[in-house]
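Fold and contact review
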Amino acid sequence: PEINTGLRSVIAGQNDFVYFLSPQQKTVIDRAKNLTAVTGPTLYCVQFYINYGKAPFNDLRVRQALNFAIDRETFAKQTMGGLSETAYGLLPSTHWAHDKSLASIYPYNPEKAKSLLAEAGHKDGLDILILGYSDQRSQQRQEVLIEQLKKAGFRAKVQVGSIPEMTEKFFAEKVGDIYLSAWTGRPDPSLTFQLMFGAQSYYNAGRVEGAPGLTDAILATRVSEDIEARKAAFLKLQRLVAENALHAPLLFQYELDAHTEKVKGYKPNLLGKPKYEDIYLEG
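Residues numbered from 1 in each chain as written. Predicted model: local features only at pLDDT ≥ 70, side-chain atom pairs only at ≥ 80, totals over all residues. Heavy atoms only, no water.

1. With respect to the overall build of the chain
Counted only if it meets this: A run of H or I in DSSP becomes a helix once it reaches four residues, and a run of E becomes a strand once it reaches two; helices and strands are each numbered from the N terminus. A radius of gyration in this sense is built from C-alpha atoms; the matching globule rule multiplies 2.2 Å by the number of residues raised to 0.38. Residue exposure (1.4 Å probe, protein chains only): buried if accessible area is under 20% of the type maximum, exposed if over 50%, otherwise partly exposed. The criterion used for residue contact is that any of the two residues' heavy atoms lie within 4.5 Å. Areas reported here follow the Shrake-Rupley algorithm with a probe of radius 1.4 Å; residue values treat only the protein chains shown as occluding.
Assigned secondary structure in the chain consists of ten helices and eleven strands. Relative to a compact globule of 283 residues, whose C-alpha radius of gyration would be 19 Å, the chain shows 20 Å and is just as compact. Projecting the C-alpha coordinates of the chain onto the three principal axes gives extents of approximately 65 × 45 × 35 Å. Of all 283 residues assigned to the chain, the portion counted as buried reaches 49%. For the chain, contacts bridging at least 24 residues in sequence account for 77% of all contacts bridging at least 6. As presented, the chain carries roughly 13400 Å² of accessible surface, and 52% of it is formed by carbon and sulfur atoms.

2. Description of the pattern of salt bridges
Any two side chains of opposite charge can pair, so long as their charged atoms come close to each other. For clarity, the cut-off: Criterion for a salt bridge: a side-chain nitrogen of Lys or Arg within 4 Å of a carboxyl oxygen of Asp or Glu.
On inspection of all chains with the given rule, the structure shows nine salt bridges. Of the charged contacts in the structure, one is a salt bridge between D59 and R61, with a shortest N-O distance of 2.9 Å. What makes D59 buried here is its relative accessible area of 19%. Notably, a salt bridge pairs K123 with D124, separated by 3.6 Å at the nearest N-O pair. Here K123 matches D124 in class, with each residue exposed.

3. Details of helix α1 (residues 3-11)
Our working rule: Note that the arc is computed from the directions linking the helix axis to the C-beta atoms.
Taken together, the buried positions of α1 are occupied by G6, L7, S9 and V10. Buried positions in α1, seen along its axis, are confined to an arc of 160 degrees and lie on one side of it. Looking one or two places after α1, you find G13, whose phi comes out positive at around 85 degrees.

4. Description of the packing of helix α8 (residues 189-197) against helix α10 (residues 227-243)
Operational definition: Note on geometry: axes are C-alpha line fits, over the in-contact stretch for helices, and angles between N-to-C directions span 0 to 180 degrees. For classification purposes, angles smaller than 35 degrees are called roughly parallel, those larger than 145 roughly antiparallel, those between 65 and 115 roughly perpendicular, and all remaining angles oblique. Helix crossings are classified by the rotation of the near helix relative to the far one: an anticlockwise turn of less than a right angle makes the crossing left-handed, while a clockwise turn makes it right-handed. Here the term charged refers only to Asp, Glu, Lys and Arg, the term nonpolar to Ala, Val, Leu, Ile, Met, Phe, Trp, Tyr, Cys and Pro, and the term polar to all other amino acids, Gly among them.
Contact pair α8 / α10: the axes reach a minimum separation of 11 Å and the direction vectors enclose 25 degrees. Compared by their axis directions, α8 and α10 come out roughly parallel. Seen along the crossing, α8 lies across α10 with a hand that is left-handed. Between α8, through P189, S190, F193 and F197, and α10, the contact on the second element is made entirely by R230, F234, L237, Q238 and V241. Its residues assigned to classes, the contact of α8 with α10 shows six nonpolar, two polar and one charged.

Listed below in structure tokens is the structure:
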């Protein structure tokens, strides 16, 4: 279960394959003479979950300010070592329902963020509480984001703990304003949007409908089995979620796996979870 131990075991020849490593381990793989690195895009979206059921994030202007405050390109470079794709929605560019136009909605603009905060009654800035994790990688992400948010007028404090603890606090106990975590994706994107934004979904911390017509827009993605009809419905749904700033997507983490040279036929997939089809050991 511990990826550093897993990687060492493959380097030592005790095992053949280790998956979903951290970007920081890429250099270790590259230095090992007997390993092959495998990377590929996934649905694993690092993001800010927002409790838009209570102040201050029940105000659209504050949620939009949060999105304008984030320099996603810089965040990705500083935390992922090139093994990621910047995110403006929940579906990466290789997904069949991806909406590329979302990238233009929230360009990095701290001055725009400050203006929106002032319009919302926070001309002197806004204090917010972020929940996050205590591991080293998560703390690095938190540090980068705190500095970016500070430039836009957000004074962020962070409360950290384990994944189960912080998840319970944010979604069940309603502690905090935003939650720095990730969404791992689902095979069908309709389920992703239902679980993330459905009015009674666990992962909607406020348990409110975030935008007029959102429930109908989610249901519209399930009406047809035709892929083009579904894509059109998802484009409308993604636009509705983005314009109402119901979350702040940051990046899609690439899958990073390592295996010995005798492992053949492995291919990554968007779910970021290994499928052992057409794989064999040679020699």
